[in-house]
Structure formats: structure tokens, C-alpha cells
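Given next are the chains, with one letter for each unit.
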Amino acid sequence: MNPISRRSLGVLAAAALLTTSLSVSSAFSADVTINIGYQPIVEPSRVPQADGTYEKATKAKINWQKFDSGADVIAAIASGSLDIGYVGSSPLAAAASRQLPIETIALVGLISEAEALAVRGIDKPEQLAGKKIATPFVSTAHYSLLTALKHWNIDPKSVEILNLRPPEIAAAWSRGDIDGAYVWDPVLSEIKKTGTVLATSADVATWGGPTFDAWIVSKSFADAHPDLVATFVKVTGDATAAYRAKPDAWSATSPEAEKIARLTGAKQEEVPALLKGYIFPTLEEQAGADLLGGGTVKAVAATSAFLKEQGKIPATLDDYSAYVSPRWVKDAAKLSF
């Protein structure tokens, strides 16, 4: 059933009023607490998070919770402890395939060189057999690793793939316990200093496995607070627009780099380079047919089909459109504050 049909007339009216005046949102959000799960990934919305801009715009209390993987974020949303969460396309596809009541409200970035397979003592893909390669299971990195192995005609069972979160990967790498890892920045940037990159997610995208990061929302929260969701997306979109307008201004010595480093654990001087590992689409671009207006649904479906083929999920859906909507970026684009 279309989620709009389950909304009350009062909530629909609130959503309509939001498009004309942001000041209305305070009437709905004064006593609301939003539980948001983020990951320490280098991207523009860390800046408004550090500045308290989300709280100022929504007039709500926000409980920020840090997670090390999208799978953990999905589990928290499923348990009811999170309202909004940051996930990659692979955990999003897995959650949608299990029909978790969630909706994609905004894309953060299309993953390019921000995730990669870094190794040591390995010069070519054929040498991966028998080696210990770590990655967070059911993450975009895990999906990309499996896609790369398939592209190289390497049986995943011939590789000892370990399920480790990014902090655990960093520790295992420093101890010499693993031969490589498919992971994201800022951990990736650290292990690359003593390893070599065998493939990036930009490579994997050309092999038929594009990945992205996104913000998702619990449908029950979206139904109850559409004004807050749209405002959250607006703040996120403004951060992307600010970076896209003047990327060089986000230099190693900039306030933006300092805030991103503080929330992610990345080294401040490395932030500008890490930001370039993503392609950040604007709200207007996200609303188009290539992304939330259609392309993202196809990407989630393709990812789900691959995960089923690999035995990571039991079944796929005939239609994933209920889990991706351009509505929120369109509503956010109408706001001004």
C-alpha cells in the first residue's frame, strides 16, 4: 500500500503548510526528539551536524548516535531506537528486501575512490586466494568486494573473508593479522599508507556494481513528522551545495575540514582529498530520473539481486519503489531559511 494513503489528514496538512513557511515547523517539533544514527564518514553534512544547524532548523532535540556500519544502523532502526540513519546501498537493499518499513530520503554521495580494496604482499587479483581480507559484512564495501571477485572470476570461498568493522580493520591491519581490506575512509586512507590499492569502488562501478550512501527514515517517523524530515533533508542539501559551490574553500586549514575531522576521526589535512572520493549530487540532481526519480530504485533492485545470488539475503522483491522516494528532496528544495 502506498504510504501516503496511511497518513492522517492532519499530517498531510502539516506537510502542505511546510512548503510555504519553515516557521510552521516549530509548532510541530518543539517537544520532539529525533534519534539520528550517523557514520564517521567524511562528507559535507558533518559540518551542519557539528554546528548544531539541524537542531536550529528543526527546532527539535536531536540525539546523535555514531555507528561503524550500515548493518548496525539498520538493526537500530528495526529495533525502533533510530528515526533517521546513514547507510550504504548494500545494507539499504538488504533491509528493503526484508521489507523493513524504511524510505530513502536523500542521497549523500555516489561512492568513487572513497572505498577500496587495499592489500599488502599481493600484486594481482589471482593472489587473493587463501588470503585474509576483511570488510564489514552487508556493507557497500562487502558488496563491492564480492562484485570485484566475480569480475576477476575468483571464487569468494577461496578467499578468507572476515567480518570486521572499520575500527577493527585498522587494528587488525596494524597487527599484521590481515592481508587486506575493502573499507572506506578514513580507515582506508590509513591502511593505504602501508598497502596498495587493488581496486576502488569507481572501478567496481564500471564493472556493473555502483554504490552510494544515503539517509533513510523510519516510515512511522516520516508519517508523523514530514516537516522535520523535509527540513533535515534541506539542511543536508545545503551542506552539499556549499561544498559543490566552492570545494577549494574546504581546504585543510578551513573550519569545515576541522569540523569534519572532529566528527570522523580523519586527519584534518587529509579531509579535502577524502571529500574528492565521492560524487555529491545536489537536491535538484537527486530528484531527477537518474537518481531518486528512478535510477536509485533500479540500483537497489540490482544490488538486491546480487546479494540473493551470493546467499546474503533469502529473497528479493518485485518492486523496490516503496523504499525510495524523490518526494523529500523535492519538498526540501522548496524550503528557504
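Everything here concerns the structure above.
Residues numbered from 1 in each chain as written. Predicted model: local features only at pLDDT ≥ 70, side-chain atom pairs only at ≥ 80, totals over all residues. Heavy atoms only, no water.

**Q** Hey, could you run me through the packing of aromatic side chains in this one?
**A** Two numbers describe a pair of aromatic rings. These are the distance of the centres and the angle of the planes. Within this structure, the stated rule accounts for ten aromatic pairs. Where tyrosine 54 meets tryptophan 64, the ring centres are 5.4 Å apart and the plane angle is 65 degrees; that geometry is what we call edge-to-face. Here tyrosine 54, found in helix α4 (residues 53-58), pairs with tryptophan 64, found in strand β2 (residues 61-66); they are ten residues apart in sequence, far enough to count as distant. A relative accessible area of 21% places tryptophan 64 in the partly exposed class. With a centroid separation of 5.5 Å and 20 degrees between ring planes, the pair formed by tyrosine 278 and phenylalanine 280 is classed as stacked. The same class applies to tyrosine 278 as to phenylalanine 280, namely buried. Feature note: the residues Tyr38, Tyr54, Trp64, Tyr86, Trp215 and Phe232 constitute an aromatic cluster, connected by ring pairs. We note lysine 219 situated over the ring of tyrosine 323; from NZ or CZ to the ring centre the distance is 5.0 Å. (Phe/Tyr/Trp six-rings, centres within 6.5 Å; stacked < 30°, edge-to-face > 60°. Helix = DSSP H or I, 4+ residues; strand = E, 2+ residues; numbered from the N terminus. Buried < 20%, exposed > 50% of the residue type's maximum accessible area, 1.4 Å probe, protein only. Lys NZ or Arg CZ within 6 Å of the ring centre and 35° of its normal.)

**Q** Please clarify how helix α12 (residues 226-245) should be interpreted in this entry.
**A** One turn of the α-helix equals 3.6 residues, which is why residues spaced by three or four share an orientation. Taking 1.5 Å per residue, 20 residues should reach 28 Å; α12 reaches 28 Å between its end C-alpha atoms and fits that length. The buried fraction of α12 amounts to 15 of the 20 residues, a majority that puts the element mostly inside the structure. (Expected span 1.5 Å × (residues − 1).)

**Q** How should I be thinking about the packing of helix α6 (residues 89-97) against helix α16 (residues 295-309) in this particular structure?
**A** Two elements in contact, α6 and α16, have axes whose closest approach is 9 Å; the angle formed by their N-to-C orientations is 80 degrees. Compared by their axis directions, α6 and α16 come out roughly perpendicular. Listed contacts from α16 to Ser89, Ser90, Leu92, Ala93, Ala94 and Ser97 of α6 are Val300, Thr303, Ser304 and Leu307. When the residues that make up the contact of α6 with α16 are grouped by side-chain class, the tally is five nonpolar, five polar and no charged. (Axes fitted to C-alpha atoms, helices over the stretch in contact; angles between N-to-C directions. Parallel < 35°, antiparallel > 145°, perpendicular 65-115°, else oblique. Contact = heavy atoms within 4.5 Å. Nonpolar A, V, L, I, M, F, W, Y, C, P; charged D, E, K, R; others polar.)

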